[in-house]
Amino acid sequence: MSQIVNRRDLDFVLFECLEMERLFQTDRYSAFDRAGIEAVLDTAQAIAEERFLPFASTLDANEPKFVDGKVEIMPEVGQALAAFAEAGFFAAGMDEAQGGLQLPYVATSAINGLFTAANLGVASYAFLTTANANVIAAFGTDDQKARFLPPMLEGRWFGTMCLSEPQAGSSLSDIRTLAEPREDGTWRLTGSKMWISGGDQEISETIVHLVLARTPGAPPGVKGLSLFLVPKHRIGPDGAVGERNNVELAGLNHKMGHRGTTNCLLNFGEKGECVGELVGGLNKGLAHMFHMMNEARIGVGHGAVMSGLAGYLYSLDYARTRPQGRHPQDKDPTSPQVPIIEHADVRRMLMAQKAAVEGGLMLSAYCAILVDRQKTAVDPEDAAQLGLLLDLLTPIVKSWPSEYCLEANKLAIQVLGGYGYTRDYPVERFYRDNRLNHIHEGTWAIHGLDILGRKVRMQDGAALNLLVGRLNEIIAEAEAAGDFDEETAGLSGAIEALLQTTRIVVDCPDLNRGLANATLYLNAFGHVVVAGLWLWQAVRARKGLETGVSGDRAFYEGKAAACRYAFRYMLPDALTGFSVVRSLDDTCLSLTAEQFVGT
């Protein structure tokens, strides 16, 4: 059994549920077929298992060091990324016209997930670089594309995103980094950026930073932010790497997880002129950066799934082979011990992991294929509706796996017992790595405010109506299949609770009170969506049992059991959450700082 992927489940999601082969009937993806996609996945899995996985624990224990102003990092990191580049994976999802392979996004997401599960600390460099390149491809000038994209897609130059600052954190309105015009049309940048993943290293020839900054006279708040391309080295007109560009590494942050990825404090223009180029339009920086961040948010959610999957697969294998104890009715201490998977509570913990991880995989893959369907839509109205649906689901796909696949990692530790808490086994590392996804690309609370304060209100609830329509289609398919009465009734009731709660909050004249429990709303909303996706999987598993589609009976029966678990153990929490939100409870809102401990 692989430690990084269940290929049977991945194939089920991609081809039996999402019917990915329909993409191959479009002009954009007509060069591909199922065999070709599976071959690419085979290659990615082999590289991930052979070049990334073997040193994951060693890298975690020997994180990068800041020595004499430079980063020292294990040489295996560069060697692994060179293998990734040689296979063409930096360019996998980029358009052919820009030198890419033009793979469907749902396929590149699956590929990236394999490397995330194998060695997250290394995979992050590639993930950030491709996301950065996508922004340049979308908003850069022809000259910028010609100079920057080829070396990035070849894996010779890496990329970052630079938003946060020491005094601002998640409050982008308070960004102070300044960009001043130079006579030649470039810009002079000064300021500091904090928490920059991949912000410095000696692996690549240079690093291309995408930096949010203000220009003189720009409007206050986020409306005054512009986006700048600021390389670590000056880049000549011919694309040659020149002298340093006065982007200085001021120090490394040492996090509980992601230890193989440098996390940096960067100073721009501290020791001389730091030169950047405007990307896109003035004062449109946040909109341009969100092109990268929305993709990154799907990626963060999928990364949380893969860290959860790695823990689940390891704890499942451990539970199958670790003998300990006996069944409650067996009181004979001389009788053989049983594998711990024979104990009901261990099976409960494994099932909770399966429901979260496989539910999260379906969620992230569904969002990824929405991106592909939007790109291939012929009717502009269809594309617009797919975009609305994706906007609504983005905070969910980022946040729900970051919470519940983290819980899966916690349970993986528990399955191993005392061993799970030691560094002799990888499950504690998976938990530490996954814990950071709660804050990456926007905290849980920020996404709660986003979905309740903005997304469900867009165009008078158009996005929410689209999602409810899709969930009702799943219900109708389940009703036609038969024997899903409990699930269809449960999902219908949860949808009604979602709609009722949304109406009450939207109608609340006190915005602060209406949004006081937005995080609970996001959490409950996610449960409803994932329950719907589990019902979808269960219906397709029933079809597999009836037709014998490329899978054994145990696999499909396991899907049905996980669906029951999701509806009986997880979905009821959504009703509780909606009840609190619907009541407009102000317990937390009205509490004063002094009341926590007294004056």
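This text follows the structure it describes.
Every value quoted in this text rests on a predicted model; they were computed, and no experiment measured them. (Residues numbered from 1 in each chain as written. Predicted model: local features only at pLDDT ≥ 70, side-chain atom pairs only at ≥ 80, totals over all residues. Heavy atoms only, no water.)

## Some details on the packing of helix α14 (residues 485–507) against helix α17 (residues 553–582)
Then step 1. In the contact formed by α14 and α17, the axes pass within 10 Å of each other and the chain directions differ by 20 degrees. Judged by the angle between their axes, α14 and α17 are roughly parallel. In this structure, α14 crosses over α17, and the sense of that crossing is left-handed. Note on element contacts: α17 touches α14 through C563, R564, F567, R568, L571, L575, F578, V581 and R582, opposite E486, E487, G490, L491, G493, A494, A497, L498, Q500, T501, I504 and V505. (Axes fitted to C-alpha atoms, helices over the stretch in contact; angles between N-to-C directions. Helix = DSSP H or I, 4+ residues; strand = E, 2+ residues; numbered from the N terminus. Parallel < 35°, antiparallel > 145°, perpendicular 65-115°, else oblique. Left-handed = near helix turned anticlockwise from the far one by under 90°. Contact = heavy atoms within 4.5 Å.)

## Thoughts on the state of the cysteines
As used here, a disulfide is simply a covalent bond connecting the sulfur atoms of two cysteines.
Then step 1. Counting across every chain of the model gives zero disulfides.
Then step 2. As a non-bridged cysteine, C508 has C588 as the owner of its nearest cysteine sulfur, 16 Å distant.
Then step 3. The class of C508 is buried, set by a relative accessible area of 15%. (Disulfide = S-S within 2.5 Å. Buried < 20%, exposed > 50% of the residue type's maximum accessible area, 1.4 Å probe, protein only.)

## A few points about the pattern of salt bridges
Side-chain pairing between opposite charges can occur once the charged atoms of the two side chains come close.
Then step 1. According to the stated counting rule, one finds 32 salt bridges in the structure shown.
Then step 2. Among the salt bridges present, the one from R7 reaches D42, with a minimum N-O distance of 2.9 Å. Residue R7 is located in helix α1 (residues 7–17), and its partner D42 is located in helix α2 (residues 34–52); the two are separated by 35 residues in the primary sequence.
Then step 3. You can call R7 buried: its relative accessible area is 16%.
Then step 4. Here D95 and R28 are joined by a salt bridge, their closest N and O atoms 2.5 Å apart. Remark: R28 occurs in the loop between α1 and α2 and D95 occurs in the loop between α4 (75–86) and α5 (105–118); sequence separation between them is 67 residues.
Then step 5. Connected through salt bridges with shared partners, the residues D9, K354, E358 and K559 form a single ionic network. (Salt bridge = Lys/Arg side-chain N within 4 Å of Asp/Glu carboxyl O.)

## Focus: the packing of helix α16 (residues 518–547) against α17
Then step 1. Where α16 contacts α17, the axes come no closer than 8 Å and their chain directions differ by 160 degrees. With respect to their mutual orientation, α16 and α17 come out roughly antiparallel. Judged by the sense of rotation from one axis to the other, the crossing of α16 with α17 is left-handed.
Then step 2. Here the contact of α16 with α17 is composed, by residue class, of 22 nonpolar, three polar and four charged. (Nonpolar A, V, L, I, M, F, W, Y, C, P; charged D, E, K, R; others polar.)

## A word on the pairing of strand β6 (residues 206–214)
Two faces make up the sheet, and in a regular strand the side chains alternate between them.
Then step 1. β6 sits mainly inside the fold: nine of its nine residues count as buried.
Then step 2. In the sheet, strand β3 (residues 157–162) pairs with β6 via six bridges, with the strands oriented parallel. Looking at β6, one finds that C162 is bridged to V211.
Then step 3. Both β6 and strand β7 (residues 225–231) contribute to a ladder of seven bridges, which runs antiparallel. Paired with L210 across the strands is L229, a residue of β7. (Pairing = 2+ DSSP bridges.)

## Details of helix α11 (residues 427–435)
Then step 1. Counting buried positions along α11 yields seven of nine residues, so the element is predominantly enclosed.
Then step 2. Here α11 has its buried residues at V427, E428, R429, F430, R432, D433 and N434.

## Describing the nonpolar core
Then step 1. Within the largest apolar cluster, 148 residues are counted, with the highest numbers of intra-cluster contacts made by F115 and F525.
Then step 2. The element best represented in this core is helix α9 (residues 344–376), accounting for 18 residues.
Then step 3. Aside from chain neighbours lying at most four places away, what touches F115 is A44, I47, A48, F52, F84, F89, L120 and A123.
Then step 4. With 27 residues, the next largest nonpolar core counts M94, V135, F148 and M289 among its residues. (Core = buried A, V, L, I, M, F, W, Y, C linked by side-chain atoms within 4.5 Å.)

## With respect to the environment of A179
Then step 1. Assignment of secondary structure puts A179 in strand β4 (residues 178–181).
Then step 2. Here A179 falls in the buried class, since its relative accessible area comes to 0%.
Then step 3. Considering only alpha carbons, one finds A179 and L189, ten residues apart in sequence, at a separation of 4.5 Å.

## Observations regarding the packing of aromatic side chains
Then step 1. For the structure on display, the rule yields 21 aromatic pairs.
Then step 2. Measuring from centroid to centroid gives 5.5 Å for Y419 and Y425, while their planes differ by 55 degrees, and the two rings are tilted.
Then step 3. In this structure Y419 comes out as partly exposed when scored by relative accessible area, which is 40%.
Then step 4. One aromatic cluster in this structure is built from F52, F84, F89, F90, F115, Y125 and F158.
Then step 5. The cationic tip of R8 hangs over the ring face of F555; the distance from NZ or CZ to the ring centre is 4.4 Å.
Then step 6. Taking the ring centre of F15 as reference, the NZ or CZ of R34 above it sits at 4.1 Å. (Phe/Tyr/Trp six-rings, centres within 6.5 Å; stacked < 30°, edge-to-face > 60°. Lys NZ or Arg CZ within 6 Å of the ring centre and 35° of its normal.)

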